[in-house]
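# Observations on chain architecture
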Protein chains: 2
Amino acid sequence: MTFALDARLAADTHVIAESALSLLLLMDDARYPWAIVVPKREGVTELFELAPADAAALWSESLALGRAMTTAFLAHKLNVGALGNVVRQLHLHHVVRQVGDAAWPGPVWGHSPRVPRTDAERRDVVARLLAEPGVTARFTPR
Amino acid sequence: MTFALDARLAADTHVIAESALSLLLLMDDARYPWAIVVPKREGVTELFELAPADAAALWSESLALGRAMTTAFLAHKLNVGALGNVVRQLHLHHVVRQVGDAAWPGPVWGHSPRVPRTDAERRDVVARLLAEPGVTARFTPR
């Protein structure tokens, strides 16, 4: 079955890069550097439903992305999560948290409506993220 | 450095099983089957800080646990997350969600105070979880 990105994910994010397995999305919320990895596997909703090779690749992507985001954006803490209560299509969040940010110390999910970035802000965040070797080794900019 | 379970995690959970890498905790909240995997690695706060072999083992434990919880408790959706904004010691949540549960469709983290289980309820949940082959293959009851 052909993969199509969930319409709600597409509406809230920009697709910034792609790997053999996944799309890399940037959430359009100026308050947090927030990236989402979406395996291009139609109909998968849970991590454990991935084929073993896909699960291993996703884990490698997630660890590298998390390290890169922490470095690039000087995270106090990284939040990683697969929830999917609203959007069923499997997607793995990576959110840079700072002490005192809008939702601190609670989770960002369900906290408040997102605050869109300007185009210039987005270009800056994307450039910083895609300059990290751990990201460029695994994802091709789009 | 010797590993010691964070005092806040210890206060909110029961240690129900152990692997070579991890402790398996059951959150004492009657509203959700909620298990937490804690790698016994002192000073680690982020997933990407784990040694590669530990990270791979944690991922394997997480996938097996998630599948087992979904089967044992008929989850509508599993929520998996590593936050650590309050408790810095690395811990990976696995929460069975049901449409209409107390926090649905929001995250359980930061939602409301936990509702403790009775001893009988806890024994039942632990027995069901530890009866799953994917759990018994990886964890030894404690």
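In this report, the structure presented in the accompanying data block is examined.

Mapping Asp28 of chain B onto the fold places it in the loop between strand E2 (22-27) and strand E3 (34-39). If sequence neighbours within four positions are ignored, Asp28 of chain B has contacts with Asp12, Thr13, His14, Arg114, Val115, Pro116 and Arg117 of chain B.

For the pair helix H2 (residues 52-72) of chain A and helix H2 (residues 52-73) of chain B, interaxial distance at closest approach is 11 Å and the crossing angle is 125 degrees. Judged by the inter-axis angle, H2 of chain A sits oblique to H2 of chain B. Judged by the twist between their axes, the crossing of H2 of chain A over H2 of chain B is right-handed. On H2 of chain B, the residues that touch Ala55, Ala56, Trp59 and Leu63 of chain A of H2 of chain A are Ala55, Ala56, Trp59 and Leu63 of chain B. Class assignment of the residues belonging to the contact of H2 of chain A with H2 of chain B gives a composition of eight nonpolar, no polar and no charged.

This paragraph deals with the packing of aromatic side chains. A complete count under the given rule lists four aromatic pairs over all chains for this structure. A centroid spacing of 4.2 Å and a plane angle of 0 degrees characterise the contact between Trp59 of chain A and Trp59 of chain B, whose relative ring orientation is stacked. Here Trp59 of chain B lies in helix H2 and Trp59 of chain A lies in helix H2, a pairing that spans two chains. Among the residues examined, Trp59 of chain A registers a relative accessible area of 8% and is labelled buried. Ring plane angle 50 degrees and centroid distance 6.0 Å describe the contact between Trp109 of chain A and Trp109 of chain B, whose orientation is recorded as tilted. With one member in each of two chains, Trp109 of chain A in the loop between strand E5 (92-97) and helix H3 (119-130) and Trp109 of chain B in the loop between strand E5 (92-97) and helix H3 (119-130) form a pair that bridges those chains. By relative accessible area, which is 8% here, Trp109 of chain A ends up buried.

Moving on, we come to empty space enclosed by the protein. Considering all chains together, one arrives at three cavities of 30 Å³ or more under this definition. There is about 80 Å³ of room inside the largest cavity. In terms of lining, the largest cavity is formed by 13 residues, of which the most central are Trp59 and Val80 of chain A together with Trp59, Val80 and Leu92 of chain B. For the lining of the largest cavity, the secondary structure elements donating two or more residues are strand E4 (77-82) of chain A together with H2 and strand E4 (77-82) of chain B.

On to the pattern of salt bridges, then. All chains considered together, the criterion is met by 22 salt bridges over all chains. A salt bridge links Lys77 of chain B to Glu46 of chain A; the shortest N-O distance between them is 2.9 Å. Remark: Glu46 of chain A occurs in the loop between strand E3 (34-39) and H2 and Lys77 of chain B occurs in strand E4; the pair is interchain, linking two chains. A relative accessible area of 2% places Lys77 of chain B in the buried class. Two residues, Arg8 of chain B and Asp6 of chain B, come together in a salt bridge whose shortest N-O distance is 3.1 Å. Overall, the relative accessible area of 44% leaves Arg8 of chain B in the partly exposed class. One network of salt bridges, with partners in common, ties together Asp12, Asp28 and Arg114 of chain A.

Moving on, we get to the nonpolar core. Among the nonpolar cores identified, the biggest contains 66 residues, and Leu24 of chain A together with Leu24 of chain B are the most heavily contacted of them. Take this core: its biggest share by element is nine residues, from H2 of chain B. In contact with Leu24 of chain A, not counting residues within four places along its chain, are His14, Val15, Ile16, Ala17, Ala35, Ile36, Val37, Leu65, Val135 and Phe139 of chain A. Among the nonpolar cores identified, the runner-up in size contains 30 residues, and Val108 and Trp109 of chain A together with Ala103 and Val108 of chain B belong to it.

In this model H2 of chain B runs 31 Å from its N-terminal to its C-terminal C-alpha over 22 residues, within 8% of the 32 Å that 1.5 Å per residue would give. Trailing H2 of chain B by a residue or two, Leu74 of chain B shows a phi angle of about 50 degrees, which is positive.

For residues besides glycine, phi is generally negative; the peptide bonds are generally trans as well. Residue and element names in this part refer to chain A. Residues Trp104 and Pro105 are joined by a peptide bond in cis, for which omega reads -5 degrees. Structurally, the position occupied by Pro105 is in the loop between E5 and H3. Despite not being glycine, Leu74 has its phi angle at roughly 50 degrees, a positive value. Position of Leu74 relative to the elements: it lies in the loop between H2 and E4.

Criteria and cut-off values
Residues numbered from 1 in each chain as written. Chains lettered and ligands numbered in written order. Predicted model: local features only at pLDDT ≥ 70, side-chain atom pairs only at ≥ 80, totals over all residues. Heavy atoms only, no water. Helix = DSSP H or I, 4+ residues; strand = E, 2+ residues; numbered from the N terminus. Contact = heavy atoms within 4.5 Å. Axes fitted to C-alpha atoms, helices over the stretch in contact; angles between N-to-C directions. Parallel < 35°, antiparallel > 145°, perpendicular 65-115°, else oblique. Left-handed = near helix turned anticlockwise from the far one by under 90°. Nonpolar A, V, L, I, M, F, W, Y, C, P; charged D, E, K, R; others polar. Phe/Tyr/Trp six-rings, centres within 6.5 Å; stacked < 30°, edge-to-face > 60°. Buried < 20%, exposed > 50% of the residue type's maximum accessible area, 1.4 Å probe, protein only. 1 Å grid on protein atoms, 1.4 Å probe; cavity = no way out; pocket = protein on both sides within 12 Å on 5 of 7 lines; lining within 4 Å. Points joined across faces, edges and corners; volume = space filled by probe spheres on them. Salt bridge = Lys/Arg side-chain N within 4 Å of Asp/Glu carboxyl O. Core = buried A, V, L, I, M, F, W, Y, C linked by side-chain atoms within 4.5 Å. Expected span 1.5 Å × (residues − 1).

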